[in-house]
Structure formats: structure tokens, C-alpha cells
Amino acid sequence: MTNLRIGHGYDVHRLVPDRKLILGGVEIPWEKGLLGHSDADVLLHAIMDALAGAARLGDIGKLFPDTDPAYKGISSLKLLKEVGRLLGEKSFAVVNIDVTLLAQAPKVTPYKTQMEEKIAAALGLEPERINVKATTEEGLGFTGKGSGMAAHAVALVERIYI
């Protein structure tokens, strides 16, 4: 049995007015925010799905159903911390996470270090284990037209035997 497992996560949310834009646990000043039951942090949702997949926990829809009022408006950082706890229960430790935001705007480069630090803190890791990237889609598709944002994440976890 191998000690290393990889998971992939993908998430997408529609952009709407009158919502805060939260990405990677960081509030980014912008004219629109992402629509969702929680804070709709598309980056963290993709990361949680990647981690859950690697540890065979299911997905965030199973772990945190959008039909449960307990998760209405909740910070995705709290949910990420819970995913980290569940990983620990199954004797998995995060090796690294790589996540890519697909969005035409706004530019997130000034916030990437802060995002990496918040993600790492929620999981009890060093920030060097987290890599946040962003790309536009050259005006193509729903992300390129600015009607939504998407994120892909890959996570590597290691089973820890005690």
C-alpha cells in the first residue's frame, strides 16, 4: 500500500453584485462577489475537494451540504480547518497544495502571499507548502466574460503511520 495519495478539486461560482469577494480566505475589494451558500470562496472549495478526494472523504457537498443552515454564510476557512481535522483522523498529512484561480478580473497577485498564509494556517502547515496561481482565459467562456470564477486544485497527502 502506498503512503502518498493525490486529489484533484474543481469549483465554480457565479459573480453577483452586493456580495463580498473572498478568495483564499482573503477579502478582496471589488465590485462583485461570488454567489454561494457559504462565503463561496472558490479557491478554498477546490482545495477542500482535492484534500477530500485524496483521503477518500467524498467531497464538500457531502461534508458540508448546502441544504444545512449551519453552513449558511460560513467562512470557508472554518470548513478547511475541519477538513484538515478529518484528514488527521484518517492519519493523513498534507504534503503540498497547488491551486489555480480562473478569473478575468480582479488581479489577485497582490493577495497571493496572504492567501497562502491563511490556507497554511487553517491546515497547520508552513506557507511554503501552498502555491496559489491565477490566470485569465483571454476573454473566453464564463470566467473570461466575467460572469463567474473557477478554481482547480491538486493536493498531495501522505498517510502517517504511528
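Structure: see above.
Here is a short report on the structure shown in this document. Residues take numbers from 1 onward in each chain, read along the sequence in its written order. With pLDDT at 70 or above as the cut-off, local features in this predicted model cover only qualifying residues; side-chain atom pairs require 80 or more to be listed or tallied, and sums for whole chains, interfaces and linings still use all residues. The side-chain numbers reported here are obtained from all heavy atoms of the structure, hydrogens and water having been left aside.

1. Things to note about the overall build of the protein
Working step 1: Counting from the N terminus, the helices are DSSP H or I runs at least four residues long and the strands are E runs at least two residues long. Within the protein, the secondary structure is distributed over five helices and seven strands.
Working step 2: Across the protein, helices and strands are ordered from the amino to the carboxyl terminus as β-β-β-β-α-α-α-β-α-β-α-β.
Working step 3: Against the 2.2 N^0.38 benchmark of 15 Å for 162 residues, the protein shows a C-alpha radius of gyration of 15 Å, consistent with a compact globule.
Working step 4: For the protein, the spread of C-alpha atoms along the principal axes amounts to about 50 × 35 × 25 Å.
Working step 5: Type-normalised accessible area, obtained with a 1.4 Å probe on protein chains alone, sets the label of each residue: buried when under 20%, exposed when over 50%, and partly exposed for intermediate values. Taking all 162 residues of the protein together, the buried fraction comes to 46%.
Working step 6: Within the protein, counting contacts between residues at least 6 apart in sequence, those at least 24 apart form 72% of the total.
Working step 7: Only the protein chains shown count as covering a residue, and every accessible area follows the Shrake-Rupley method with a 1.4 Å probe. Of the roughly 8300 Å² of accessible surface on the protein, a fraction of 54% belongs to carbon and sulfur atoms.
Working step 8: A distance of 3 Å separates the average location of the 19 positive side-chain charges in the protein from that of its 20 negative side-chain charges. A radius of gyration in this sense is built from C-alpha atoms; the matching globule rule multiplies 2.2 Å by the number of residues raised to 0.38. The contact rule is simple, with two residues in contact once any of their heavy atoms fall within 4.5 Å. The sign given to each residue is positive for Lys and Arg and negative for Asp and Glu; His and the chain ends receive no count. Throughout, a charge is located at the NZ atom of Lys, the CZ atom of Arg, the CG atom of Asp or the CD atom of Glu.

2. Here's the deal with the pattern of salt bridges
Working step 1: Put simply, a salt bridge is a Lys or Arg side-chain nitrogen that is within 4 Å of an Asp or Glu carboxyl oxygen. Taken as a whole and assessed by the stated rule, the structure comprises five salt bridges.
Working step 2: Here Asp98 and Lys133 are joined by a salt bridge, their closest N and O atoms 2.7 Å apart. Of this pair, Asp98 sits in strand β5 (residues 92–102) while Lys133 sits in strand β6 (residues 130–135); the two residues are 35 residues apart in sequence, bridging distant segments of the chain.
Working step 3: Among the ionic pairs, Glu126 bridges to Arg129, the shortest N-O distance being 2.6 Å.
Working step 4: The exposure class assigned to Arg129 is partly exposed, which follows from its relative accessible area of 31%.
Working step 5: Connected through salt bridges with shared partners, the residues Glu82, Arg85 and Glu89 form a single ionic network.

3. Notes on the packing of aromatic side chains
Working step 1: Stacked, tilted and edge-to-face are the three classes assigned to paired rings of Phe, Tyr and Trp, where Trp is represented by its six-membered ring and a pair needs centres within 6.5 Å; plane angles under 30 degrees give stacked, over 60 edge-to-face, the rest tilted. According to the stated counting rule, one finds one aromatic pair in the structure shown.
Working step 2: Ring geometry for Phe64 against Tyr71: centres 5.4 Å apart, planes inclined by 80°, an arrangement best described as edge-to-face.
Working step 3: Taking the relative accessible area as the measure of exposure, Phe64 reaches 12% and is therefore buried.

4. Some remarks on the nonpolar core
Working step 1: Of all hydrophobic cores here, the largest spans 49 residues; its most connected members are Leu23, Ile47, Leu51, Leu80 and Met149.
Working step 2: Sorting the residues of this core by element identifies β2 (21–23), β3 (26–28), α1 (42–54), α3 (76–89), β5, α4 (112–123), β6 and β7 (148–159) as the ones contributing at least two each.
Working step 3: Of the residues forming this core, the biggest block, 10 residues, is contributed by α1. The set of buried Ala, Val, Leu, Ile, Met, Phe, Trp, Tyr and Cys residues whose side-chain atoms join them within 4.5 Å is what this entry labels a nonpolar core.

5. Overview of the sheet that holds strand β4 (residues 32–34)
Each strand in a sheet pairs with another by means of backbone hydrogen bonds, the pair being arranged parallel or else antiparallel.
Working step 1: Two strands make a pair as long as DSSP finds a minimum of two bridges between them. Reading across from one edge, β4-β1-β7-β5-β6 is the order of the five strands in this open sheet, with mixed pairing throughout. Bordering the open sheet on either side are β4 and β6, each of which pairs with just one other strand. Mean inter-strand twist for the sheet, computed between neighbouring axes without regard to direction, equals 25°.
Working step 2: Sitting on the sheet, α1 touches β1 (4–17), β4, β5, β6 and β7, and the angle it makes with β1 is about 155°. Only the stretch in contact is used when a helix axis is fitted, and all axes are lines through C-alpha atoms; the angle between N-to-C directions ranges over 0 to 180 degrees.

6. With respect to the pairing of β7
As a general feature of sheets, a regular strand has side chains that alternate between the two faces.
Working step 1: With 11 bridges connecting them, β1 and β7 associate as antiparallel partners. Residue Leu4 lies in a different strand from β7, and its bridge partner there is Glu158.
Working step 2: Bridge count for β5 against β7 is 10 bridges, and the pairing is antiparallel. Looking at β7, one finds that Asp98 is bridged to Val154.

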